[in-house]
Amino acid sequence: MLKEYLSRRDTPHWENVLPGVRTCRFALRTSDPQALRPIPVCGEPLQFEVLFCQSGHLHLAPRQGAPILLDAPGVLLLACADGLRDARCSGDLGGLLVTVDARSAKDSLRAVCAALGLRLDIARVRRTMAEAQGFLTLPDTPWALSFFETVQRLPDEAQARYGVFKAVELLYLLCTTQPAIAPAAPLPDGCAAPLMREIGAYLCAHLSEKHTIPLLCRRFSVSPTYLKEHFRRAFGAPIHSWLVEQRLERARALLTESELPVQQVAHAVGYEGMSQFNAAFKRQCGMTPGQYRKMSKTVSPRPF
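Residues numbered from 1 in each chain as written. Predicted model: local features only at pLDDT ≥ 70, side-chain atom pairs only at ≥ 80, totals over all residues. Heavy atoms only, no water.

K.L.:
Even after reading the chapter, I still don't get the overall build of the chain, so can you show me in this structure?
P.N.:
Within the chain, the secondary structure is distributed over twelve helices and ten strands. For the chain, the spread of C-alpha atoms along the principal axes amounts to about 90 × 50 × 35 Å. Of all 304 residues assigned to the chain, the portion counted as buried reaches 41%. Within the chain, contacts between residues separated by at least 24 positions form 71% of all contacts whose residues are at least 6 apart in sequence. Separation of charge centres in the chain, based on 36 positive and 28 negative side chains, amounts to 5 Å. (Helix = DSSP H or I, 4+ residues; strand = E, 2+ residues; numbered from the N terminus. Buried < 20%, exposed > 50% of the residue type's maximum accessible area, 1.4 Å probe, protein only. Contact = heavy atoms within 4.5 Å. Lys, Arg positive; Asp, Glu negative; His and termini not counted. Charge placed at Lys NZ, Arg CZ, Asp CG, Glu CD.)

K.L.:
Would you mind showing me how to read the pairing of strand β1 (residues 14-18) here?
P.N.:
Within a regular beta strand, the side chains point alternately toward one face of the sheet and then the other, so they alternate between its two faces. Strand direction decides the pairing type here: β1 and strand β2 (residues 21-27), joined by four bridges, are antiparallel. Residue pairing across strands places Trp14 opposite Cys24, the latter belonging to β2. Connecting β1 to the antiparallel partner β2 that follows it, the hairpin turn spans two residues, and Gly20 within it adopts a positive phi of roughly 85°. (Pairing = 2+ DSSP bridges.)

K.L.:
Just checking my understanding: could you explain helix α6 (residues 192-205) for this structure?
P.N.:
Helix length check: α6, at 14 residues, gives a terminal C-alpha distance of 20 Å against a target of 20 Å (1.5 Å per residue), a fit within 8%. Those residues of α6 not exposed but buried are Ala192, Leu195, Met196, Ile199, Gly200, Tyr202 and Leu203. Mapping the buried residues of α6 onto a view down its axis gives an arc of 160°, with all of them on the same face. The exposed residues of α6 that point more than 90 degrees off its buried face are Arg197 and Ala205. Looking at the buried side of α6, the elements it contacts are α7 (213-220), α8 (224-235) and α9 (239-257). (Expected span 1.5 Å × (residues − 1). Arc of directions from axis to C-beta.)

K.L.:
Got a minute to help me understand the pattern of salt bridges in this structure?
P.N.:
It is possible for side chains of opposite charge to pair when their charged atoms get near one another. Throughout the structure, instances matching the rule amount to five salt bridges. For Glu169, the salt bridge goes to Lys166, with nearest N and O atoms at 2.6 Å. Of the two residues, Glu169 and Lys166 both sit in helix α5 (residues 156-173), three residues apart, roughly one turn of that helix. A residue is classified by how much of its surface remains accessible, and Lys166, at 7% relative accessible area, is buried. The salt bridge involving Glu245 is made with Arg252; its shortest N-O contact spans 3.7 Å. Classification of Glu245 as partly exposed rests on a relative accessible area of 28%. (Salt bridge = Lys/Arg side-chain N within 4 Å of Asp/Glu carboxyl O.)

K.L.:
What am I meant to see in the layout of surface pockets here?
P.N.:
Using a probe with the size of a water molecule, rolled over the atoms, empty space left in the structure can be pinpointed. Approximately 590 Å³ is the volume found for the second largest pocket. Looking at the lining of the second largest pocket, the elements that each hand over two or more residues are β5 (57-62), β6 (68-71) and α7. For the lining of the second largest pocket, the element with the highest residue contribution is α7, accounting for five residues. (1 Å grid on protein atoms, 1.4 Å probe; cavity = no way out; pocket = protein on both sides within 12 Å on 5 of 7 lines; lining within 4 Å. Points joined across faces, edges and corners; volume = space filled by probe spheres on them.)

K.L.:
Can you help me understand the sheet that holds strand β8 (residues 84-90) in this one?
P.N.:
The strands that make up a sheet are held in pairs by hydrogen bonds between backbone atoms, and each pair lies either parallel or antiparallel. Here we have four strands laid out as an open sheet, ordered β3-β8-β5-β6, and antiparallel in their pairing. At either end of the open sheet lies a strand with only one pairing partner, and these are β3 (36-38) and β6. Within the sheet, the average angular offset between the axes of one strand and its neighbour, ignoring direction, is 25°. (Axes fitted to C-alpha atoms, helices over the stretch in contact; angles between N-to-C directions.)

K.L.:
Got a minute to help me understand the packing of aromatic side chains in this structure?
P.N.:
Each aromatic ring pair is summarised here by two numbers: the centre-to-centre distance and the angle between the ring planes. Considering all chains together, one arrives at eleven aromatic pairs under this definition. Aromatic pair Tyr271 and Phe277: ring centres 5.4 Å apart, planes at 45°, arrangement tilted. With relative accessibility at 7%, the residue Tyr271 sits in the buried group. A relative accessible area of 0% places Phe277 in the buried class. A network of ring pairs unites the aromatic residues Phe52, Phe147, Phe148, Tyr162 and Phe165 as a single cluster. (Phe/Tyr/Trp six-rings, centres within 6.5 Å; stacked < 30°, edge-to-face > 60°.)

Below, the structure is given as structure tokens:
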């Protein structure tokens, strides 16, 4: 899928590392980095792709289940594109792509694993990937983060080979009974209250940023159902409603206590457009931010 996409572009950094194993270091450069571009959802049998995403993001729409956003730093393993109905990437996508043709690379993969005393069962890898609709994302997992921490310290000529080594390790981990890359187990309910307070504190400290349920789930290693249910229990409101309240409360404080222009206040609490900020503020306070600031300026403390 990504191999076909990059092959159509001017990406001169393809390298044949082993028989049947190629790498491509790339960094897309477009006039609008945030605009999403379609990726052909296709692929050949027994072809594996491992993307070590170092910039930008991927939007994946499975045929079953909710859409998935893979942000940098993150890893995508693709064995079959049949489980996807749509795939798009941002214009600033970049990283290292490792492609493996299981038939051509059979002997070289066995040699690598034999040198390490490992056994790579490609048939089991295919079964595991089929159960995951043909693809697997590893956002913010210890395994993935260790790769990005290490690769940036390596010279350029060693990065591609290190990526191949980690791609083979990833395939091997899929053969184990309890993969080290498996999703985290659900947290016991006793952990919910302190974790929800931590999430609430994080949101309040980052009001200017964009937050989504998938991003929060990845950051705090919880499922969407767990997060939504326990957040509502802890704060008495859904995440979105609670976050709007915190943003507007902070906006009221900035309008009263600072001289920041209204537009900067809007950006400081996470609103990119003034129309959206004005509408939300008026809906809650009954007046526009500008009117609220004028009113607050006319109120002076009375002497005792």
